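An overview of the molecular structure
Here is how the chains run, residue by residue.
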Amino acid sequence: MGKKISKICCIGAGYVGGPTMAVIAQKCPHITVTVVDLNQARIDAWNDPDTNNIPVYEPGLDAVVAEARGRNLFFSTEVDKAIDEAEMIFISVNTPTKTYGTGKGMAADLKYIELCARQIARVAKDDKIVVEKSTLPVRTAEAVKNILQNTGNGVNYQILSNPEFLAEGTAVEDLHAPDRVLIGGDTTPEGQEALESLVEVYANWVPRERILTTNLWSSELSKLTANAFLAQRVSSINALSELCERTGADVSEVARSIGTDSRIGPKFLKSSVGFGGSCFQKDILNLVYIARSYGLKEVADYWEQVIIMNDHQKRRFATNIVKTLYNTVSGKKIAFLGWAFKKDTNDTRESAAIYVADDLLNEQAGISVYDPKVPESQVYSDLDYLETRASEKNKQLVTVVTDPYEACKDAHAIAVLTEWDEFKEYDWIKIFENMKKPAFVFDGRNLLDTNKLKDIGFKVYSIGKEA
Ligand code: UDX
Ligand code: UDX
């Protein structure tokens, strides 16, 4: 039996920490859950009386927050206080790809993880269970343990790895009914006891047989590998999409044909403009870096190819737009429907839209962006982050609007970058009438009804299908 937990703290109120803790609080009313973050604005938004304004958009999350907040779910910037009071501390801070030094562009930057460990070591006065929630390179727990044990106040720490498998857009659903929860811990009796404490938290709503326990290293590596396998499937089907376009095969039909083989399965075979999100690219690069650092060149090259294929898919979408618009988009208006990396989220990290826009801006296109959940400031900051051109230039070439019909008005072409359901419901006749002719649609998600659009008069390009 593990110690019964009554106070949890989570450092990092982001896309993972926020929803995960909200659901733990909802399902465990006997546990006080405090989510802390350095970012005051983010915490203020989590505390906004109107749950429409919480900083992470996820279907159903507002209701979970409304139910638990103020009861046993709290958001605060008082990090030290929360650490001091908690028996179990989750670390859910971001681990971006390093932008400097050794491993630049590939390795995970663990500075925030280390800062958290040092802060816990400084503050803790009694025994703590520290849970890695962020996705981390295998053997990170060793570093965390070292810092805690060597700089701490002589208190005992147990480190657990409890990686997140939720996907954005379905986070609440994934948390309510996960395929599995994975918990890794030390194989010592103390490690197993800590592990059991966390099992008991999840057992409040997850069936025991779905709670897998492993050693620390298996758990850490399983998380990176799960993302690499999923991303590899998208890159595999996207590699075939280009061949389909050349041969008259239809990528959706190919996906259906192979996906009905139960050994392959139907999921993650939807061809697209390329995968995005905070995890796939970062985690694969990290895996490549780890393999390379062990001298495993072939292993590293193999996984790197998944990223190369994804970059190719984004680039060829942009190139095709330019080529189709008579080899020039200079001064033309291209409407972007969608900016988020997938539907039902306001997250834009590594979204294919950013890279497609960047390529088109290099060709001096004007872009008008509409996304139902992404604000103007985010679009500009995503483009500025690439440092391809001056910020003023991005502002000059890109406009962000809150009405899709305005985005498409007088456009030469529409590019669908995110598969938001509402795009299917638009009045496409009205859109057609207000566009420049010929009116092109480039459907980067194979979302729209191609035949209907063609009947209206659009020229339509879909991924992996003959034009
Ligand atoms: C992060 C990781 O990127 C991912 O690998 C992991 O699986 C889960 O955690 P996410 O929640 O999407 O993903 O990150 P983000 O939305 O950026 O949230 C992290 C939060 O931590 C931010 O709000 C940031 O302000 C906060 N933070 C960061 C701290 O409070 N303290 C720090 O020292 C660093
Ligand atoms: C992913 C993992 O699924 C999740 O388990 C992990 O914890 C975090 O990373 P997420 O980034 O939220 O989750 O999104 P996911 O649904 O996996 O999609 C990633 C990208 O692949 C998106 O850009 C999506 O549009 C794209 N994709 C997905 C496709 O292009 N085709 C598909 O068939 C599936």
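Criteria and thresholds
- Residues numbered from 1 in each chain as written.
- Chains lettered and ligands numbered in written order.
- Predicted model: local features only at pLDDT ≥ 70, side-chain atom pairs only at ≥ 80, totals over all residues.
- Heavy atoms only, no water.
- UniProt positions renumbered as here; feature names shortened; annotations may be inferred.
- Domains from an automatic or database assignment.
- Contact = heavy atoms within 4.5 Å.
- Buried area = accessible area lost by both parts, 1.4 Å probe.
- Salt bridge = Lys/Arg side-chain N within 4 Å of Asp/Glu carboxyl O.
- Polar contact = N/O pair within 3.5 Å; in protein donor to acceptor, adjacent residues only side chain to side chain.
- Near = heavy atom within 4 Å.
- Areas by Shrake-Rupley, 256 points an atom, 1.4 Å probe, with all protein chains shown as cover.
- Nonpolar A, V, L, I, M, F, W, Y, C, P; charged D, E, K, R; others polar.
- Helix = DSSP H or I, 4+ residues; strand = E, 2+ residues; numbered from the N terminus.
- Buried < 20%, exposed > 50% of the residue type's maximum accessible area, 1.4 Å probe, protein only.
- Arc of directions from axis to C-beta.
- Axes fitted to C-alpha atoms, helices over the stretch in contact; angles between N-to-C directions.
- Parallel < 35°, antiparallel > 145°, perpendicular 65-115°, else oblique.
- Left-handed = near helix turned anticlockwise from the far one by under 90°.

The protein has the name UDP-glucose 6-dehydrogenase in an unreviewed UniProt entry, where Mucilaginibacter limnophilus is given as its organism. Per UniProt, the protein carries the Sequence similarities (unreviewed entry) text "Belongs to the UDP-glucose/GDP-mannose dehydrogenase family."

Focus on the domain arrangement of the protein
Split into domains, the protein comes out as domain 1 (7-206) and domain 2 (307-462). Contacts between the two partners involve 10 residues from domain 1, matched on the other side by 11 residues from domain 2. Both faces combined, the contact of domain 1 with domain 2 buries some 760 Å², and carbon together with sulfur accounts for 47% of it. Scanning the region where domain 1 abuts domain 2 turns up 1 salt bridge. Measuring nitrogen to oxygen at the nearest pair gives 3.8 Å for the salt bridge that ties glutamate 168 to arginine 349. The tally of links between domain 1 and domain 2 comes to 5 residue pairs in polar contact (both at pLDDT 80 or more).

Comments concerning the site of ligand 2
Taken together, the neighbourhood of ligand 2 is formed by 20 residues, with Glu168, Lys270, Ser272, Lys342 and Arg445 sitting nearest. Between glutamate 164 and ligand 2, the recorded distance is 3.0 Å, taken from a backbone N or O atom to an oxygen atom. Between ligand 2 and the protein, one listed contact pairs a nitrogen atom with a backbone N or O atom of lysine 270 at 2.8 Å. Coverage of ligand 2 by the protein chains reaches 90% of its 670 Å² of free accessible surface. The class makeup of the residues in the shell around ligand 2 is 11 nonpolar, 3 polar and 6 charged.

Digging into the environment of valine 33
In this structure, valine 33 sits in strand 2 (residues 32-36). Between the C-alpha atoms of valine 33 and arginine 71, which are 38 residues apart in sequence, the distance is 9.5 Å.

Concerning the site of ligand 1
If you check the shell around ligand 1, you find 19 residues, and the closest are Val16, Asp37, Arg42, Lys282 and Arg349. Within the contact set of ligand 1, an oxygen atom lies 2.6 Å away from a side-chain nitrogen or oxygen of arginine 42. When ligand 1 is considered free in solution it has 690 Å² of accessible area, and contact with the protein chains removes 91% of it.

Regarding the pattern of salt bridges
As enumerated under the stated definition, the model contains 28 salt bridges in all. Aspartate 250 is the salt-bridge partner of lysine 465, the closest N and O atoms lying 3.1 Å from each other. Taken together, the residues span a long stretch of sequence, with lysine 465 in the segment after strand 14 (459-462) and aspartate 250 in the loop between helix 9 (216-247) and helix 10 (251-259) at a distance of 215 residues. The buried category is assigned to aspartate 250, whose relative accessible area is 19%. Residues aspartate 410 and lysine 409 are paired through a salt bridge, measuring 3.8 Å at the closest nitrogen-oxygen approach. A network of salt bridges, in which partner residues are shared, links Arg292, Lys297, Asp301 and Glu304.

Things to note about helix 14 (residues 376-386)
For helix 14, the full list of buried residues reads Val379, Tyr380, Asp382 and Leu383. Relative to the axis of helix 14, the buried residues are bounded by an arc of 160° and lie together on one face. Opposite the buried face of helix 14, by more than 90 degrees, sit the exposed residues Ser377 and Tyr385. Remark: glutamate 387 follows helix 14 within two positions and exhibits a positive phi of approximately 55°.

Description of the packing of helix 5 (residues 111-123) against helix 6 (residues 140-151)
Look at helix 5 against helix 6: their axes get within 8 Å of each other, and the N-to-C directions meet at 30°. One element, helix 5, and the other, helix 6, form an angle in the roughly parallel class. The element helix 5 and its partner helix 6 pack so that their crossing is right-handed. Within the contact between the two elements, helix 5 uses Ile113, Glu114, Ala117, Arg118, Ile120 and Ala121 and helix 6 uses Thr140, Val144, Ile147, Leu148 and Thr151. Of the residues assigned to the contact of helix 5 with helix 6, the class counts are 7 nonpolar, 2 polar and 2 charged.

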